[in-house]
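Per-entry structural report
These are the residues of each chain, in order.
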Amino acid sequence: MEKEVILGNKKLILRSSLYSLIDYKSRFGSELFNDIKKLENTKEENITNVIEIIFRIVFVLSNPKENETFKGFLEKLDFSILNDAALLTNLTNTIVELLKTDKKAGGSKGDTFR
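Conventions we followed
Just so you know, the residues in each chain are numbered from 1, in the order the chain's sequence is written. In keeping with the model being predicted, local features are shown solely for residues with a pLDDT of at least 70 and side-chain atom pairs are shown and tallied solely at 80 or more, while totals for entire chains, interfaces and linings include all residues. Think of the side-chain values as coming from all heavy atoms in the structure, minus any hydrogens and water. By nonpolar core we mean a set of buried residues, namely Ala, Val, Leu, Ile, Met, Phe, Trp, Tyr and Cys, connected to one another through side-chain atoms within 4.5 Å. We call a residue buried when its accessible area falls under 20% of the maximum for its residue type, exposed when it is over 50%, and partly exposed in between, using a 1.4 Å probe and counting protein chains only. Helix and strand labels come from DSSP, where a helix needs a run of H or I of at least four residues and a strand needs a run of E of at least two; each type is numbered from the N terminus. Between two residues, a contact is recorded if the distance between any of their heavy atoms is within 4.5 Å. Residue count minus one, scaled by 1.5 Å, sets the expected span of a helix.

1. Thoughts on the nonpolar core
Counting residues in hydrophobic clusters, the biggest one holds 26 residues, and the most contacted among them are Leu-7, Leu-14, Phe-55, Ile-57, Val-58 and Leu-91. Broken down by secondary-structure element, the contributors of at least two residues to this core are strand 1 (2-7), strand 2 (10-15), helix 1 (18-28), helix 2 (32-41), helix 3 (47-61), helix 4 (70-75) and helix 5 (85-99). By residue number, the principal contributor to this core is helix 3, which donates nine residues. Residues contacting Ile-57, with those up to four places away along its chain left out, are Tyr-24, Leu-32, Ile-36, Ile-95 and Leu-99.

2. Observations regarding helix 3
The periodicity of an α-helix, 3.6 residues per turn, causes residues three or four positions apart to be oriented the same way. The end-to-end C-alpha distance of helix 3, which contains 15 residues, comes to 21 Å, matching closely the 21 Å that a straight helix rising 1.5 Å per residue would cover. Restricting attention to buried positions, one finds in helix 3 the residues Val-50, Ile-53, Ile-54, Phe-55, Arg-56, Ile-57, Val-58, Phe-59, Val-60 and Leu-61. Buried residues belonging to helix 3 abut strand 1, strand 2, helix 1, helix 2, helix 4 and helix 5. Once helix 3 ends, the next one or two residues include Asn-63, with phi positive near 50°.

Next comes the structure, spelled out in structure tokens:
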């Protein structure tokens, strides 16, 4: 599945695949779905952790070139996108949609991020 998102002045095509799980672990040393679970339990004062995990996911789903770094990806994004609540909500909803499971795919009805 793929979705287009606009982050500031940058258009990204996000694609989910099984490789996304492997690429995430390879690049960040942690499991994608474990990091998503961390988001559910994060307190408001740890907003930097939330932002980092969300943008790690965006980075991997944007199917970066093998030599592209997370730091390089973030440097291309304008800080002002963090002030756009509608954009961040849309981004989060897009991630949920790309990573959710359904009954046909072997998940149980309503399973998301499990």
